[in-house]
Amino acid sequence: MKLAVIGTGYVGLVTGACFANLGNDVICVDKDLKRLETLSKGDVPFYEPGLPELVSKNHKAKRLVFSHDISSAVLNSEVIFIAVGTPPKSNGQADISAVISVAQSIAKTLKSKKKNKSGKFKVIVNKSTVPVGMGDIVTKILIENKISEKDFSVVSNPEFLREGSAISDFMNPDRIVVGASNNRAFNLITELYRPLNAHVIFTSVKSAELIKYASNAFLATKISFINEIANICERVGSDVLEVANAMGLDKRIGRQFLNAGIGYGGSCFPKDVLALMHLAREQGYDPQILSSVTEVNDFQSDAFVGKILKELKNLRGKRISVLGLSFKPDTDDLREAPSLKVINSLLKKGAQITVYDPAVSSNSKKELKELSFADGVYEAIDGADAIIVVTEWAEFKEIDFDRAKKLVKGRIIFDGRNIYDPKRVRESGFKYIGVGR
Ligand code: UDX
């Protein structure tokens with residue numbers, strides 16, 4: 001099939017590369033010429049395992065091309081995916097201006113009556129996470145531009161890709177949600193996903209739009225729930241890992257997303273929970289669970305800093321080695337990373353920080369410039385008064401405590417992601433402080 005994907009950010013590029021790999025002809029469109037140049041060289045401007053190889057393979061095979069010309073991409077495609085950003089405004093509401101601007105460009109192109117090289121009927125698919133009702137807004141923009149309702153259909157097809165495993169999530173989805181108002185559009189999108197042999201669910205456009213928010217909000221709720229249980233564990237002497245493992249065996253509950261820690265971050269959960277709360281409030285409903293989910297999440301990183309202060313007392317001049325930075329392992333993404341909140345609090349209290357993250361360097365973000373960066377775990381902990389783990393990268397789990405013991409000044413580990421066995425750490429001569437243990 002001939003496809004256009006507007007927006008070469010995370011979602012757009014993964015979608016474009018994966019569909020090209022399934023044998024479709026894909027034009028990925030972006031306004032950013034520099035980004036297009038990078039992509040055309042087969043380079044990917046962010047970290048996602050396997051994506052550079054997929055992009056370059058399909059680009060070489062000419063199934064994946066990059067362009068800034070939205071108009072020609074629209075005319076050459078049967079299906080047009082909108083995958084532009086919907087960042088949060090200061091009140092939590094999703095900023096939909098980029099989606100509107102793309103819809104206007106599509107409408108103008110179709111109105112111009114330039115030669116449609118790929119059939120008259122177009123399916124416009126919203127991949128961006130958008131508030132409920134966005135499908136109607138895009139439809140209205142096309143109708144206002146005198147595009148006949150016979151010639152297009154707007155579909156909502158939310159993505160459920162996790163950073164770090166986006167390609168495998170795309171290729172092996174638990175379900176594919178297609179929110180459509182008619183069979184023609186639904187069948188076309190189902191056909192596109194046929195090679196994946198996945199469970200495709202046909203819903204209304206508005207339900208599909210909510211499914212995305214509700215799914216992410218539920219996962220965030222699971223995390224805040226287990227973090228609350230962890231806080232109770234600390235007070236009553238239970239171990240949250242034992243609790244979560246046993247709870248998770250109940251099939252109705254499931255073990256995933258029950259890892260307690262310093263809270264969730266990233267480009268989706270914080271933003272989507274706030275956007276859903278905003279959506280509810282706009283309709284006069286007070287979302288009480290969601291408010292608590294964000295409160296518990298904010299509390300987790302503060303409580304972690306509280307533990308560090310309680311143990312180390314005065315942080316002025318103390319050297320703290322921070323292992324990790326990215327909001328989760330296998331990504332260099334720092335958006336809403338709880339690590340940054342923790343580091344800022346420690347800096348304010350006068351601590352000297354040395355950081356090591358396998359994927360993040362001091363050039364990744366302006367605020368990081370004042371931190372000292374190490375090239376490896378042992379360099380980072382050399383001379384440290386305390387070690388704190390904020391991201392559960394696999395290599396941190398392999399640390400040799402006997403070697404570490406000789407390097408550090410203070411033998412204490414604050415494990416913000418519960419990656420170590422407290423008994424083992426204690427036996428090797430360190431004091432261990434985790435979350436909920
Ligand atoms: C998430 C959703 O999983 C994905 O379906 C959606 O499309 C985009 O948002 P992502 O943000 O990439 O994906 O990461 P995810 O693996 O879900 O983790 C999100 C955050 O939750 C991370 O900060 C992670 O550390 C935290 N987390 C996750 C926990 O604290 N405990 C857990 O048990 C699981």
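Here the structure is a predicted model, which is why all the values come from computation and not from measurement.

This next bit is on the pairing of strand β1 (residues 2–6). By the criterion of burial, β1 is predominantly enclosed, with four of the five residues buried. Relative to strand β2 (residues 25–29), β1 is paired through five bridges, and the arrangement is parallel. When the sheet's bridge partners are listed, Val5 is paired in β2 with Cys28. Following the chain from β1 across helix α1 (residues 10–21) to the adjacent parallel β2, one finds a crossover that is right-handed. Pairing geometry for β1 and strand β4 (residues 79–82), over four bridges, is parallel. The residue bridging Val5 from the neighbouring strand is Phe81, located in β4.

This part covers the pattern of salt bridges. Scanning all chains against the criterion turns up 21 salt bridges. Its salt-bridge partner being Lys307, residue Glu234 comes within 2.5 Å of it at the nearest N-O pair. Note that Glu234 is positioned in helix α9 (residues 205–236) and Lys307 in helix α12 (residues 288–312), a separation of 73 residues in sequence. Linked by salt bridges that have partners in common, Glu163, Asp333 and Arg335 make up one network.

We now examine the environment of Leu290. Along the polypeptide, Leu290 turns up in helix α12. Under the relative-accessibility criterion, Leu290 is labelled buried at 13%. Taking the C-alpha atoms as reference, Leu290 lies 35 Å from Leu192; in sequence the two are 98 residues apart. If we skip the residues at most four places from it in the chain, Leu290 touches Ala217, Val273, Leu276 and Met277.

Under the domain assignment, the protein chain is made up of domain 1 (2–203) and domain 2 (237–433). Contact with domain 1, which involves 15 residues of that partner, is made by 15 residues of domain 2. Across the domain 1 to domain 2 interface the summed buried area is about 1,200 Å²; carbon plus sulfur atoms make up 54%. Per-residue buried area on domain 1 facing domain 2 is highest for Tyr47, Gly92 and Glu163; these three make up 46% of the total on that side. Run the count over domain 1 and domain 2 and you get one salt bridge. A salt bridge links Glu163 to Arg335; its shortest N-O distance comes to 3.7 Å. Taken together, the links from domain 1 to domain 2 amount to five residue pairs in polar contact (both at pLDDT 80 or more). Along the lines of polarity and charge, the residues of the side of domain 1 that touches domain 2 split into seven nonpolar, six polar and two charged.

Rules of the game
Residues numbered from 1 in each chain as written. Predicted model: local features only at pLDDT ≥ 70, side-chain atom pairs only at ≥ 80, totals over all residues. Heavy atoms only, no water. Buried < 20%, exposed > 50% of the residue type's maximum accessible area, 1.4 Å probe, protein only. Helix = DSSP H or I, 4+ residues; strand = E, 2+ residues; numbered from the N terminus. Pairing = 2+ DSSP bridges. Right-handed = clockwise from strand over helix to strand, strands pointing away. Salt bridge = Lys/Arg side-chain N within 4 Å of Asp/Glu carboxyl O. Contact = heavy atoms within 4.5 Å. Domains from an automatic or database assignment. Buried area = accessible area lost by both parts, 1.4 Å probe. Polar contact = N/O pair within 3.5 Å; in protein donor to acceptor, adjacent residues only side chain to side chain. Nonpolar A, V, L, I, M, F, W, Y, C, P; charged D, E, K, R; others polar.

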